[in-house]
Amino acid sequence: MSKKRHGSISLKSLKNQCAEIGFKNDNQTVLVSSPDTRSTLATALLCRGIMKSGGKFHVSFEHPIISLDRVIELRSLHESANLIFVGIDTLGKKRIRKGKSYPIFLGGASQSEQVESLTCGTTETVSAAGYLFSEQLLSANDYDLQIAAGAILLSTEPAKLTQKVDDEIVKKAKEKKLIEERKGVRLFGFGFLPLDELFHYNTRPFILGLSGNQKACDSLLNEAEIPVTKLHSPMSELSNKEAQSLTQHLTSRLLAEFGPSIIAQIMGTDYILLLEAENSPLRYLSGLEAIAETSWARQEQGAAMSIWIGDRGRALRNVIDIYLSHHKDVISTIERLQTKLKGISTETSTSIEVAGVQSEILTDVGRVILQSGIANQERPLLINSDESTIAIWTDENIDTKAALQTLRNQGLDPILTSTKSLLFRKLPKESQADVLDSLGSATEKEILS
């Protein structure tokens, strides 16, 4: 989409881009963020920088791809404020008038040369751009560097980082001992949930026969000979021998029932965020990711944003409570669907009708249905509830932004709830085929040419 800054970008060159952007933190700043996790974390870094340097800010969320008409509208609505777009692509070539100042774009791509000149970073480097913009023009410390490195590592492993600046930021965080690699179980609650809850409330991934099954969870802990005195302690507090025993029994059970594919979803490389307290849900990157993805699915990024900015009190406790309640509801719904599943399956898609399911949990219900094989993973899935429909898929070839924009052009207004799902409020039956057709033809070339 953008005609410049192709290829890998270095820390030095991105620093220079950010330094060249005109920005004065002398008035309220309006931050307009894409809903994805990388962008929301980058936005949080900007909020922290603005706050530490004495400014005021307001955060709102937009679709990850918007027209320049919408940019111009937002510029008019916030005439006297600084306006920063984070992780958002723009369509069109209209000129943007200056107002108090020109809008700034961190990450994202555009068809407009004017927007390109106002952009710092690319879609791939939005996390790095958020950190370096704050470091160069606002205020940043080691905690911000830790979050930036974590946001980058959520996207890919260090060995597979394609952008030089991302690799440099991760290495810098490791050298300063802000993050540390850890191999083993990667489940939400590893460092703070009691063992008897760790597997019971887990849906990332959903483990048939274990998730939601307290008896099976108790049996697993008993087979691994975990002392009764440690059943209410987190797994991170087990001795090496106890942790190895539990891991071995879990792995044996999973291999026997599901084969090796599920092991990679539970075991692997995680990262410890060393500036977080040992009992913090955010100390492990897998925990931060789980909270971020659940908040996104529920369209509650604002609640998560307050935590990324630094609230470790009531806001964090509230998000944890919501997380556990959310996944209890997901597990309950999956158990019900396993026995009362009504759906229509074709060669290209699967549609399921459910009743009494809250819109907020449809994204994770759909993810579990595909991940656990209840529906064919190779086809897009539509789940119709009382007032909402979720379209969700696993196909890496579907370009989510292209699908989103195509459907909006057809008069539909889906909400992005994950990297591979779209939520519709009261989607007419006659429009469901259009949704599936759009997913089948969604390519970046179509929408951006």
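Residues numbered from 1 in each chain as written. Predicted model: local features only at pLDDT ≥ 70, side-chain atom pairs only at ≥ 80, totals over all residues. Heavy atoms only, no water.

**Concerning the overall build of the chain**
Along its length, the chain carries 18 helices and 15 strands. The globule rule puts the C-alpha radius of gyration for 449 residues at 22 Å, and the 22 Å found for the chain is close to it. For the chain, the spread of C-alpha atoms along the principal axes amounts to about 65 × 55 × 40 Å. Classification of the 449 residues of the chain by burial places 54% in the buried group. When contacts within the chain are restricted to residue pairs at least 6 apart in sequence, long-range pairs at least 24 apart make up 67% of them. (Helix = DSSP H or I, 4+ residues; strand = E, 2+ residues; numbered from the N terminus. Rg over C-alpha atoms; globule rule 2.2 N^0.38 Å. Buried < 20%, exposed > 50% of the residue type's maximum accessible area, 1.4 Å probe, protein only. Contact = heavy atoms within 4.5 Å.)

**A word on helix α2 (residues 37-52)**
Think of an α-helix as turning once every 3.6 residues; residues three or four places apart then point the same way. In a regular helix each residue adds 1.5 Å, so 16 residues correspond to 22 Å; α2 covers 22 Å between its end C-alpha atoms and thus fits that length. One or two positions beyond α2, positive phi appears at G54, with a value near 90 degrees. (Expected span 1.5 Å × (residues − 1).)

**What about the nonpolar core?**
Generally speaking, a soluble globular protein has its nonpolar side chains buried in company with each other. By size, the foremost hydrophobic cluster in this structure holds 64 residues, and its most contacted members are L14, I84, F133, I169 and W308. Ranked by residue count, the leading element in this core is helix α6 (residues 142-155), at nine residues. For F133, the residues in contact, after removing those within four places along its chain, are C18, I21, F23, L46, I84, I104, L106 and L138. If you look at the next biggest cluster of nonpolar residues, it comprises 24 residues, including V185, L198, L210 and L254. (Core = buried A, V, L, I, M, F, W, Y, C linked by side-chain atoms within 4.5 Å.)

**Structural notes on the packing of aromatic side chains**
Per the stated rule, a full pass over the model turns up five aromatic pairs. Ring geometry for F23 against F133: centres 5.4 Å apart, planes inclined by 70 degrees, an arrangement best described as edge-to-face. Here F23, found in the loop between α1 (11-20) and β1 (29-33), pairs with F133, found in helix α5 (residues 126-137); they are 110 residues apart in sequence, far enough to count as distant. Residue F23 shares its accessibility class with F133, and that shared class is buried. A ring pair is formed by F188 and F192, whose centres lie 5.4 Å apart and whose planes are at 85 degrees; its orientation type is edge-to-face. Take F188: its relative accessible area is 6%, and that puts it in the buried class. Within the aromatic cluster, the residues linked to one another by ring pairs are F188, F192 and Y323. Between the NZ or CZ atom of R182 and the centre of the ring of F190, over which it lies, the distance is 3.9 Å. (Phe/Tyr/Trp six-rings, centres within 6.5 Å; stacked < 30°, edge-to-face > 60°. Lys NZ or Arg CZ within 6 Å of the ring centre and 35° of its normal.)

**Quick look at the sheet that holds strand β2 (residues 57-61)**
An order of β2-β1-β4-β6-β7 is seen for the five strands of this open sheet, with the pairing classed as parallel. Edge positions in the sheet fall to β2 and β7 (119-120), since each of these pairs with one other strand and no more. Bridging between β1 and strand β4 (residues 82-86) involves five bridges; their strand directions are parallel. Paired with S33 across the strands is V86, a residue of β4. (Pairing = 2+ DSSP bridges.)

**What to know about the pattern of salt bridges**
By the definition in use, this model includes 22 salt bridges. Salt-bridge contacts for E73 lead to R70; the nearest nitrogen and oxygen are separated by 3.1 Å. Here the residue E73 and the residue R70 both occupy positions in helix α3 (residues 68-77), the gap between them amounting to three residues, near one helical turn. Judged by relative accessible area, which is 24%, R70 ranks as partly exposed. Between E79 and R97 there is a salt bridge; the shortest N-O distance is 2.9 Å. In this pair, E79 is assigned in the loop between α3 and β4 and R97 in the loop between β5 (89-91) and β6 (104-106), connecting sequence segments 18 residues apart. Taking the relative accessible area as the measure of exposure, E79 reaches 31% and is therefore partly exposed. Residue class for R97 comes out partly exposed when judged on its relative accessible area of 46%. (Salt bridge = Lys/Arg side-chain N within 4 Å of Asp/Glu carboxyl O.)

**A closer look at the packing of α6 against helix α12 (residues 285-297)**
Closest axis-to-axis distance for the α6/α12 pair is 11 Å, and the angle between their directions is 75 degrees. Classified by the interaxial angle, the pair formed by α6 and α12 is roughly perpendicular. Note on element contacts: α12 touches α6 through L285, L288 and E289, opposite I147, G150, L153 and L154. Each residue belonging to the contact of α6 with α12 can be placed in one class, and the counts come to five nonpolar, one polar and one charged. (Axes fitted to C-alpha atoms, helices over the stretch in contact; angles between N-to-C directions. Parallel < 35°, antiparallel > 145°, perpendicular 65-115°, else oblique. Nonpolar A, V, L, I, M, F, W, Y, C, P; charged D, E, K, R; others polar.)

**Some remarks on the pairing of strand β13 (residues 388-392)**
The element β13 is largely enclosed, with a buried count of five among its five residues. Alternating positions in β13 separate into two faces, S388, I390 and I392 on one and T389 and A391 on the other, with burial throughout. Hairpin remark: strand β12 (residues 381-384) followed by β13, antiparallel, with three residues in the connecting loop. Looking at chain direction, β13 and strand β15 (residues 421-425) are connected through five bridges and run antiparallel. The residue of β15 that forms the bridge with T389 is F424.

**Quick notes on unusual backbone geometry**
Of note, the bond from R204 into P205 is cis; its omega dihedral lies within 30 degrees of zero at 5 degrees. Here P205 shows up in the loop between α8 (195-198) and α9 (214-223). Even without being glycine, K177 reaches a positive phi, approximately 60 degrees. Relative to the helices and strands, K177 is located in the loop between α7 (164-175) and β8 (179-185).

**Points about the environment of F85**
In this structure, F85 sits in strand β4. We classify F85 as buried; its relative accessible area is 1%. Expressed as a C-alpha distance, the spacing of F85 and G313, which sit 228 residues apart in the sequence, is 29 Å. Among residues more than four places away in sequence, those in contact with F85 are V32, I66, V71, L74, P103, I104, F105 and L106.

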